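Understanding the architecture of this molecule
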Amino acid sequence: MSLLLLPIELLTRIARETLPEGFESFALTCRATYRVSECLIKFHNGLNKQYRNLILPKNYGTEDELENANPTCSLQLLARIAEDPLIAKYMLSANLVNEPAPDFETETDRDGFLEAQLQEIKQSAIPLLQLLKSLPYLEDANIDPKYMLDYLFYEYNNSDACGMSITILLSLLSNLTRLSLPLRWEFHENGILERPGEVAITYDTNLFIDDIVQRANDPSQPHSGLSKLTTILPSTGWGYEAHISLDTFNPFLSIKSVKKFIMGGSKALEDGYTGASFNEPENGSSFGAGLEQVQLAGACANGIELRKFLKWMPRLKSFQFSFETKWHGCGHDWNKAAAMEAIEATTCDTLEDLSFSIVNCYGGTGPGIASMKKFKKLKRLELHLKCLKSVPYELDDTIAEGETYYDNIKFPKLGDLLPSSIEELVLGEWTMIDNGGILGDHLFPDLLEDFSKERVQKLPHLRKIVIVGGWTHGNCGNESPDITEELLSRVPNKFPNSEKLVELAAAREEIDVQLLVVGSSPAYPQFMDGFCERYGVENL
């Protein structure tokens, strides 16, 4: 029987069943299907606009938020889903960083808003209870849905609580692909509900999350919560005060569909004080099984912990890492060579793109990186030049009068440093090109030694070299001059080895050589450029 021969009422019902994923295709199939779908188009577009890329607001009360009635917390969103379950299916991206509540100018304003909102949410208590009763997660844990509803109301009023309402919300989001968890997620705790005359009930959020992960990984349950999740986005930027334990999001990285993990301000370094080691998943875990790209911006992690983290990722193709000393001097001293050795040992068979740099390190950074030859597939490398510098911990960055930053330091030749698979090299000073810096007496003469003779044999695939840094000699602005006589003329005559640049210039017919000048401002690694704006987070 032809679909178009069905009664209009039945066709309209079929159109509703296609919401949201198949609705547009159904409506555009022909004129007849468009006519029966027309009454749903406004409804579909409204939900799509409001919930497709949901962001819980940091501040509340703007005209735009009031007009669109956007949810401000996970419990309010749960109440709306209880009233209309289709909302959950429309959510493809969720930024929950600002849970549990937005900021207000005064505590009075905040308390008044929360009380009014809670009364609104309680109007949906019956649908909420029905929603909780339908969850297999509660049934598996043998938890009374009525008790859980009471706990959700308690958690809403407790500004320090964070976890259960979001956990339940995540179990409903079967189409979600991108997720930013709350900044406070590291501190989510088990829920404890005390009732007069009754034994206190403890709700283990980690058990709920483990159940979600197990169902998301089960191919026989393709519509489970988070079964389509591909990307974990950051909850914060970086900075001295940004120090979230790297293992905070371990359960979500155990979902096999997750391919990309981006995190700002992480720590995985045990210093006996404010640091924290990386807690490895249990044997047989699916942790990291699907990961192909990892970005750790402003991370405080040593070689030991990086090895424990990366060894679980058999498909990793891109790893972008920048080091930063954290709160109370965690990572005051850091061994960059050991960190690179850990990366090389765990990812050398799969890695194609690597960025490795130092945002700041208050103490010493140990021996420099001498060789990266074990990488078999590495095509693109972005490297902070300070990572090639060997410096005793007690003498790092100490410059005697009359000496330059790079005096008495031997840098490896490019042919000895890089793997033969490399195609693009980005060398960054991230600070300034000064008299003893990137174009100085030591760095480039060492890196370029025998370059013209060894390039074809040792680096046969190298096609692009980009040099990033500041410039202090004359007004260079934001120009990107070629490595030519024009550039050489800008190099002070005091550099006796500046003719080494001629070797690089001679290779320009086969290699694209660029100098990216950033004036007097620090140039962060490229993956950190615009990081906070891109992901809607803040440095701490």
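I will try to describe carefully the structure that is included in this document. (Residues numbered from 1 in each chain as written. Predicted model: local features only at pLDDT ≥ 70, side-chain atom pairs only at ≥ 80, totals over all residues. Heavy atoms only, no water.)

Looking now at the overall build of the protein. Helix and strand counts for the protein stand at 20 helices and 16 strands. Taking all 540 residues of the protein together, the buried fraction comes to 53%. In the protein, the proportion of contacts linking residues at least 24 apart, taken out of those at least 6 apart, comes to 76%. For the protein, the computed accessible surface area is about 24,500 Å², with 49% contributed by carbon and sulfur atoms. (Helix = DSSP H or I, 4+ residues; strand = E, 2+ residues; numbered from the N terminus. Buried < 20%, exposed > 50% of the residue type's maximum accessible area, 1.4 Å probe, protein only. Contact = heavy atoms within 4.5 Å. Areas by Shrake-Rupley, 256 points an atom, 1.4 Å probe, with all protein chains shown as cover.)

Evaluated as defined, the whole model comprises 15 aromatic pairs. Taken together through their ring pairs, the aromatic side chains of Phe319, Phe321, Phe323, Trp334 and Phe356 make up a single cluster. Lying over the aromatic face of Phe43, Arg16 brings its terminal NZ or CZ to 5.9 Å of the ring centre. Lying over the aromatic face of Phe153, Lys122 brings its terminal NZ or CZ to 5.3 Å of the ring centre. (Phe/Tyr/Trp six-rings, centres within 6.5 Å; stacked < 30°, edge-to-face > 60°. Lys NZ or Arg CZ within 6 Å of the ring centre and 35° of its normal.)

Okay, the pattern of salt bridges next. Enumeration according to the criterion identifies twelve salt bridges in this entry. The salt bridge partner of Lys311 is Glu280, with a shortest N-O separation of 3.0 Å. Within this pair, whereas Lys311 is found in the loop between helix H13 (303-310) and strand E11 (318-324), its partner Glu280 is found in the loop between strand E9 (266-268) and strand E10 (293-301), the two being separated by 31 residues in sequence. Judged by its relative accessible area of 49%, Lys311 falls in the partly exposed class. Arg380 is the partner of Asp353 in a salt bridge, and the nearest nitrogen-oxygen pair spans 3.4 Å. With Asp353 in strand E12 (residues 353-360) and Arg380 in strand E13 (residues 380-384), the pair connects residues that are 27 residues apart, well separated along the chain. According to the relative accessible area criterion, Arg380 is buried, its value standing at 18%. One network of salt bridges, in which partners are shared, links Lys413, Asp416, Asp450, Lys453, Glu454 and Lys458. (Salt bridge = Lys/Arg side-chain N within 4 Å of Asp/Glu carboxyl O.)

Counting 129 residues, the largest nonpolar core has Met148, Phe261, Phe309 and Phe319 as its most contacted members. Apart from the residues within four sequence positions on either side, Met148 is in contact with Leu132, Leu138, Ile143, Met164, Ile168, Tyr203 and Phe208. (Core = buried A, V, L, I, M, F, W, Y, C linked by side-chain atoms within 4.5 Å.)

This next bit is on the layout of surface pockets. Quantified by volume, the second largest pocket comes out at close to 400 Å³. Asp210, Pro251, Ser254, Glu282 and Ser285 are the residues nearest the centre of the second largest pocket, which is lined by 16 residues in total. By residue class, the composition of the lining of the second largest pocket is four nonpolar, nine polar and three charged. (1 Å grid on protein atoms, 1.4 Å probe; cavity = no way out; pocket = protein on both sides within 12 Å on 5 of 7 lines; lining within 4 Å. Points joined across faces, edges and corners; volume = space filled by probe spheres on them. Nonpolar A, V, L, I, M, F, W, Y, C, P; charged D, E, K, R; others polar.)

The subject of this paragraph is unusual backbone geometry. Unusually for a residue other than glycine, Leu226 sits at a positive phi of about 65°. With respect to the secondary-structure elements, Leu226 resides in the loop between helix H12 (205-216) and strand E6 (231-233). Backbone geometry at His328 places phi at a positive 60°, although glycine is not the residue there. Structurally, His328 is set in the loop between E11 and helix H14 (336-347).

Here the focus is helix H8 (residues 125-133). Burial in H8 covers these residues: Leu128, Leu129, Leu131 and Leu132. Viewed end-on, H8 has its buried residues packed into an arc of 160°, placing them on one side of the element. (Arc of directions from axis to C-beta.)

This paragraph deals with H13. With six of eight residues buried, H13 is to be regarded as a mostly interior element. Those residues of H13 that fall on the buried side of the exposure criterion are Gly303, Glu305, Leu306, Lys308, Phe309 and Leu310. Where H13 is buried, its residues contact strand E8 (260-264), E9, E10, E11 and H14.

A few words now on the packing of H8 against helix H10 (residues 145-157). Running from amino to carboxyl end, H8 crosses H10 at an angle of 125°, the nearest separation of the two axes being 9 Å. One way to sum up the angle between H8 and H10 is to call them oblique. Remark: the crossing between H8 and H10 carries right-handed chirality. Along its contact with H8, which presents Ala125, Leu128, Leu129, Leu132 and Lys133, the element H10 presents Pro145, Lys146, Met148, Leu149 and Leu152. Taken together, the residues that form the contact of H8 with H10 break down as eight nonpolar, no polar and two charged. (Axes fitted to C-alpha atoms, helices over the stretch in contact; angles between N-to-C directions. Parallel < 35°, antiparallel > 145°, perpendicular 65-115°, else oblique. Left-handed = near helix turned anticlockwise from the far one by under 90°.)

On to the environment of Lys464. Here Lys464 shows up in strand E15 (residues 464-469). The class of Lys464 is partly exposed, set by a relative accessible area of 28%. Separated by 48 residues in the primary sequence, Lys464 and Asp512 have C-alpha atoms spaced 4.5 Å apart. Once you skip the residues sitting within four places of it in the chain, Lys464 turns out to touch Glu423, Glu424, Leu425, Ile511, Asp512 and Gln514.

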